[in-house]
Amino acid sequence: MPRQVILGSEEGSLQLWSISTKKMLYEFQGWKSSICCCVSSPALDVIAVGCADGTIHVHNIRYDEEIVRFSHSTRGAVTSLSFSTDGQPLLASGGSSGVISIWNLEKRRLQSVIREAYDNSIISLHFFANEHVLMSSSADNSIKMWIFDTSDGDPRLLRFRSGHCAPPLCISFYANGRHILSAGQDCAFRLFSVIQDQQSRELSQRHVTKRAKKLRVKEKEIKLKPVIAFDFEERDWCNVVTCHMDTTQAYVWRLQNFVLGEHILKPCPENQTPVKACAISACGNFAVLGTAGGWIERFNLQSGISRGSYVDLSERSCAHVGEVVGVACDSTNTLMISAGYHGDIKVWDFKGRGLKSRWEIGCAVVKIVYHRSNATATDDFVIRLFDVVALRMVRKFEGHIDRVTDSCFSKDGKWLLTSSIDGTLRIWDVILARQIDAIHVDVSVTALSLSPNMDVLATTHVDQNGVYLWVNQTMFSRSSYIDSYASGKEVVNVKLPSVSSTEEKIPDLVTLSLLPKSQWQSLINLDIIKVRNKPIEPPKKAEKAPFFLPSVPTLSGQIVFEPSDISSEKKIAEGDKLENRRSDLPHS
């Protein structure tokens, strides 16, 4: 166990402390720059120190002498260091500019540079013990593995895992709840796997990395703007349509190949305004787009050709006065529902594009969600449920005290889930017209989605880069436990789980197991299994084994033990033979 520790400070001082005596043993002179990182080398009494001015000092602490000094070619501080332990004299350094540098300690020069390693500051570097592999992580929520197996000694990317480097804006379950589609402020459109993280990936935007290298710009500068809304249907052709921030056109994606589609949908070329809402028909052939100027147009997804617009003659040859906040299509391609920001909801004939009916809510509409009936979240923090066939309001849910951020229906339409800026997530029973559960999260929910099986809820939160998964307790509880939530008056306070491994885990937190399904699937019925396997009678004491085990001689010389039943039979037979011999002897 080490008895001394090296401490470096932002003031530039470097000190040697004793752990046992809790006293400072020696203070080094320093380099007149803030110390950002420090790491020990495989050689005894040698350390490497990274400073804020971009310099690296390999120092001998026993003699207080500098062995070698390196300097980064890019601006920024040295944030991480790591020595190779596989016999090669290499030192890896990472800076705040996202560049990884490999230094040769024997030749005392720069060996290679990975310039496109990260777009953000590097947090840590680590060489695997006795291997030619370097692991790196960055503040952009990604981790990469580099291997040194090329002829010139330069590292290449072996594998990586990454997520959103900025908070997600909208999410939705896909493929029967096995994947999650997520769009974030980092201009990335990602597909996360709930079952296996190796299947998670970012959807391609047509060779962004190659174009960025050719133009000598960052990848984010040539990516599409952040996605603000999307819709999908599981089809073999382009089955996803996305609306982007301050963009006058919508894009289609082929999720089967994880790439951007070949068509770009441009509604209303005469008066171009940003696209704000989108929806795909149940057949998967058509996409309906709504713009900030009140225009609604239908496109064919396979050809990208416009198939007509929806016009209300009383609204100056457009669908709505003001922004279109939401559009939706029914399951039979009969009706199309649209909502304007000023509180007008309209029902259109999907094929004929004629206006069938309309009604006024009386306040601004923030979001609409369609499931047989139509749910709208308004600016007065109230959720209203409309029947588009009967053309009347059938439910009204009140409880939020701030703006509603997102809402979604369960697959059977019995539950309505809503989230708000006030930090609450509420579950409403549509049939009983009351709240059945509510939780208050310390960080407000920005988007949510319930899986088709109703067993997992996915949420995103303010200033959080991750997607959080919640388990539906009613799927694993008795009916009496479910009835206790029927009133829904009590709001449960919940804290988000920390992603840091240093903090204590929440006792009742469900974590993802890496064991096979056969090992944890029976845990739900553990009490039943214990009752079934309970012994009927107490265990019997085993028979006492003899001290010398009987053996049989063999030709090979191996010892073969006699079974207990055979040896007992032989003993009985030998006893019978002795008795017969005694009976044959003459009597005295």
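A brief structural summary. (Residues numbered from 1 in each chain as written. Predicted model: local features only at pLDDT ≥ 70, side-chain atom pairs only at ≥ 80, totals over all residues. Heavy atoms only, no water.)

The subject of this paragraph is the overall build of the protein chain. Looking only at helices and strands, the protein chain features six helices and 45 strands. Relative to its full complement of 588 residues, the protein chain shows a buried share of 44%. Look at the contacts in the protein chain between residues 6 or more apart in sequence, and 38% of them connect residues 24 or more apart. For the protein chain, the accessible surface area stands at approximately 34100 Å², while carbon and sulfur atoms represent 52% of it. (Helix = DSSP H or I, 4+ residues; strand = E, 2+ residues; numbered from the N terminus. Buried < 20%, exposed > 50% of the residue type's maximum accessible area, 1.4 Å probe, protein only. Contact = heavy atoms within 4.5 Å. Areas by Shrake-Rupley, 256 points an atom, 1.4 Å probe, with all protein chains shown as cover.)

By size, the foremost hydrophobic cluster in this structure holds 17 residues, and its most contacted members are Tyr-174, Leu-181, Phe-189, Phe-230 and Trp-253. Only strand E16 (168–174), strand E17 (179–184), strand E18 (189–193), strand E20 (227–232) and strand E22 (250–254) provide two or more residues apiece to this core. Of all the elements, E20 adds the most residues to this core, at three residues. Aside from chain neighbours lying at most four places away, what touches Tyr-174 is His-179, Leu-181, Leu-191, Phe-232, Glu-234, Asn-239 and Leu-255. Listed in part, the 16 residues of the second largest apolar core include Trp-415, Leu-448, Tyr-468 and Leu-496. (Core = buried A, V, L, I, M, F, W, Y, C linked by side-chain atoms within 4.5 Å.)

A separate point is the state of the cysteines. This model, assessed by the stated rule, comprises zero disulfides. In this structure Cys-283 is a free cysteine whose sulfur lies 8.6 Å from that of Cys-329, the closest cysteine sulfur available. (Disulfide = S-S within 2.5 Å.)

In spatial order, the strands read E20-E21-E22-E23; together these four strands make up an open sheet with antiparallel pairing. Each of the sheet's edge strands pairs with one partner strand only, and the pair in question is E20 and strand E23 (259–265). Across the sheet, the axes of successive neighbouring strands diverge by a mean angle of 30 degrees, strand direction being ignored. Relative to E22, strand E21 (residues 240–244) runs antiparallel, the two being bridged by three bridges. The residue of E22 that forms the bridge with Val-241 is Val-252. (Pairing = 2+ DSSP bridges. Axes fitted to C-alpha atoms, helices over the stretch in contact; angles between N-to-C directions.)

By the definition in use, this model includes ten aromatic pairs. A centroid spacing of 4.9 Å and a plane angle of 80 degrees characterise the contact between Tyr-26 and Phe-28, whose relative ring orientation is edge-to-face. For Phe-28, a relative accessible area of 4% translates into the label buried. Ring pairing ties together the aromatic residues Phe-189, Phe-230 and Trp-253, which thus form one cluster. Positioned over the ring face of Tyr-118 is Lys-144, at 4.7 Å from the centre of the ring. When the ring centre of Phe-350 is taken as origin, the NZ or CZ atom of Arg-298, which lies over that ring, is 5.1 Å away. (Phe/Tyr/Trp six-rings, centres within 6.5 Å; stacked < 30°, edge-to-face > 60°. Lys NZ or Arg CZ within 6 Å of the ring centre and 35° of its normal.)

With that settled, consider a nonpolar patch on the surface. Where nonpolar side chains cluster on the molecular surface, the patch consists of Val-471, Met-475, Phe-476 and Ile-524 and spans about 400 Å² of accessible area. Within the secondary structure layout, Val-471 lies in strand E42 (residues 468–471). With relative accessibility at 41%, the residue Val-471 sits in the partly exposed group. (Patch = residues over 30% accessible without salt bridge, like charges linked within 9 Å, V, L, I, M, F, W, Y side chains within 5 Å. Salt bridge = Lys/Arg side-chain N within 4 Å of Asp/Glu carboxyl O.)

Here we come to the pattern of salt bridges. All told, the structure shown has twelve salt bridges when counted by the stated rule. In this structure, Arg-62 and Asp-45 form a salt bridge, with 2.6 Å as the shortest nitrogen-oxygen distance. Of the two residues, Arg-62 is situated in the loop between strand E6 (55–60) and strand E7 (65–71) and Asp-45 in the loop between strand E4 (35–40) and strand E5 (46–51); the sequence distance between them amounts to 17 residues. With a relative accessible area of 55%, Arg-62 lands in the exposed category. Residue Asp-312 pairs with Arg-358 through a salt bridge whose shortest N-O separation is 3.4 Å. A residue pair is termed long-range when its members are at least 10 positions apart, and Asp-312 in the loop between strand E27 (306–310) and strand E28 (324–329) and Arg-358 in strand E31 (residues 355–360) qualify at 46 residues. Look at Asp-312 and you get buried, because its relative accessible area is 6%. Note on Arg-358: relative accessible area 34%, which makes it partly exposed. Three or more residues joined by partner-sharing salt bridges are found here, namely Asp-312, Lys-346, Arg-358 and Glu-360.

With that out of the way, let us pick up the pairing of E5. Two faces, one strand: in a regular strand the side chains alternate between the faces of the sheet. With respect to burial, E5 is a largely interior element, six of its six residues being buried. Neither face of E5 is exposed, since Val-46, Ala-48 and Gly-50 on one face and Ile-47, Val-49 and Cys-51 on the opposite face are all buried. In this sheet, E5 lies alongside E4 in antiparallel orientation, the contact comprising five bridges. Of the residues in E5, the one forming a bridge with Cys-37 is Gly-50. Between E4 and the antiparallel strand that follows it, E5, lie five residues; Asp-45 among them carries a positive phi value of about 65 degrees. With five bridges connecting them, E5 and E6 associate as antiparallel partners. Each residue of the ladder has a partner; that of Val-46, found in E6, is Asn-60. Two successive antiparallel strands, E5 and E6, enclose a turn made up of three residues, where Gly-54 displays a positive phi of approximately 90 degrees.

So far we have only geometry, and geometry alone does not tell us how the molecule works.
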